[in-house]
Amino acid sequence: MGTVILQSVVSVDGFIADEKGDVGPLHEWYFSGDVPIVVGEGDEFDHSGSGSPFKVSRASADYVRSTWESIGTIVMGRNLFDQVNGWEGRPPAGDHVVVVSHRPKPEGWHPEASYHFVDDVTAAIEKARELAGDRIVAVNAGDAGAQIFAAGLVDEVAMDVVPVVFGSGRRFFGAISEEHLLEDPHLVIQGERVLHLRFKVRR
C-alpha cells in the first residue's frame, strides 16, 4: 500500500486559510518562478482558476512535479469539496478523490469522476489506499485531515511553509490538542517564498 501523507501549504503560524477559507498569499509562490509545472504528457498544470499555469522556482519545480505525479488518491473534507466544487471533477493530482462527509455526493454531480463519499475516516483511508495502489494517498490538512492524523492513519506530514503570519483562521492540524511526535525532517527544500518540509510520523 502507498504512503499516506497529510499535506498543505501553510503559514508560519500554522494556518492553511483564513476564517472564510481564503488562502490569501499562501499560493503566491505557485506563480513566482519561471519553471512551469508540467505533468502527464507535457500539459502545463493549471487548476488555479486564473487561467495562468503554475510556474515555480527551479528549486521547487522537481519536488512539486514528482510529488504530484506520485499521488494516486486525494482525501479531502466536505468543506473543501464544497468550496472548490470538487475541482469540477478534475482533481489537481491523482486519479481518484475520497471525500470525508456524512452527506452523499450531490445528485448528478460529474458522474464520470472517480469521487467517493465516505462518512468514516478509517473507511475513507482504506478506500483511498485501495484506489491508490502503490501510489501516495494525499490527505488535505484541516479538520478532516486532523481527524485522520489523530486516528494514527498518517505516515508522513508534508508542509509547504510560506513566510506569512495569519494570526487566526483554519489550522493545518484542525482542532488537535494532544501531543504527537514527528521525526526530524527527511526532506528540506528552500524555494522562493516557500520552504518544503517532510516529516515521518513517529510510531
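These figures come from a predicted structure and were not determined experimentally.

As a further point, take the packing of aromatic side chains. Within this structure, the stated rule accounts for 11 aromatic pairs. Considering the side-chain rings of Phe149 and Phe173, the 5.2 Å spacing of their centres and the 55° angle between planes classify their relative orientation as tilted. Note that Phe149 is positioned in helix H4 (residues 143–150) and Phe173 in the loop between strand E12 (170–171) and strand E13 (187–190), a separation of 24 residues in sequence. Three or more aromatic residues joined by ring pairs make a cluster, and in this case those are Trp29, Tyr30, Phe31, Phe54 and Trp68.

Here we come to the sheet that holds strand E1 (residues 4–11). With respect to topology, 8 strands assemble into an open sheet ordered E9-E8-E7-E10-E1-E11-E14-E13, the strand pairing being mixed. Two strands in the sheet have a free side with no partner beyond their single neighbour: strand E9 (115–118) and E13. On average, each strand axis in the sheet is tilted by 20° relative to the strand beside it, whichever way the strands run. Taken strand by strand, H4 contacts E1, strand E7 (71–77), strand E8 (96–100), strand E10 (136–140) and strand E11 (156–162), and its axis lies near 125° from that of E10.

Locating Ser32 in the fold gives a position in the loop between strand E2 (15–17) and strand E3 (35–36). Judged by its relative accessible area of 33%, Ser32 is partly exposed. As a C-alpha pair, Ser32 and Ser57 span 25 residues in sequence and 6.9 Å in three-dimensional space. Sequence-distant contacts of Ser32, that is, excluding residues within four places in its chain, are made with Lys55 and Glu192. Side-chain polar atoms of Ser32 contact the backbone oxygen of Trp29, separated by 3.1 Å.

To continue, consider the environment of Glu130. Position of Glu130 relative to the elements: it lies in helix H3 (residues 121–132). Considering only alpha carbons, one finds Glu130 and Thr73, 57 residues apart in sequence, at a separation of 9.2 Å.

Taken together, the 4 bridges between E13 and strand E14 (residues 195–200) define a ladder with antiparallel strand orientation. Counted as the bridge partner of Leu187 is Arg198 from E14. Hairpin connection between E13 and E14: a loop of 4 residues separates the two successive antiparallel strands, and Arg193 in this loop has a positive phi of roughly 65°.

To continue, consider the pattern of salt bridges. Side chains bearing opposite charge may pair, as long as their charged atoms lie close to each other. Counted according to the given criterion, the structure contains 10 salt bridges. Here Asp155 and Arg203 are joined by a salt bridge, their closest N and O atoms 3.1 Å apart. Remark: Arg203 occurs in the segment after E14 and Asp155 occurs in the loop between H4 and E11; sequence separation between them is 48 residues. A relative accessible area of 64% means that Arg203 is categorised as exposed. Taken together, the salt bridges that share partners define one network made up of Arg78, Asp82 and Arg103.

Here is what the cut-offs are and how they apply
Residues numbered from 1 in each chain as written. Predicted model: local features only at pLDDT ≥ 70, side-chain atom pairs only at ≥ 80, totals over all residues. Heavy atoms only, no water. Phe/Tyr/Trp six-rings, centres within 6.5 Å; stacked < 30°, edge-to-face > 60°. Helix = DSSP H or I, 4+ residues; strand = E, 2+ residues; numbered from the N terminus. Pairing = 2+ DSSP bridges. Axes fitted to C-alpha atoms, helices over the stretch in contact; angles between N-to-C directions. Contact = heavy atoms within 4.5 Å. Buried < 20%, exposed > 50% of the residue type's maximum accessible area, 1.4 Å probe, protein only. Polar contact = N/O pair within 3.5 Å; in protein donor to acceptor, adjacent residues only side chain to side chain. Salt bridge = Lys/Arg side-chain N within 4 Å of Asp/Glu carboxyl O.

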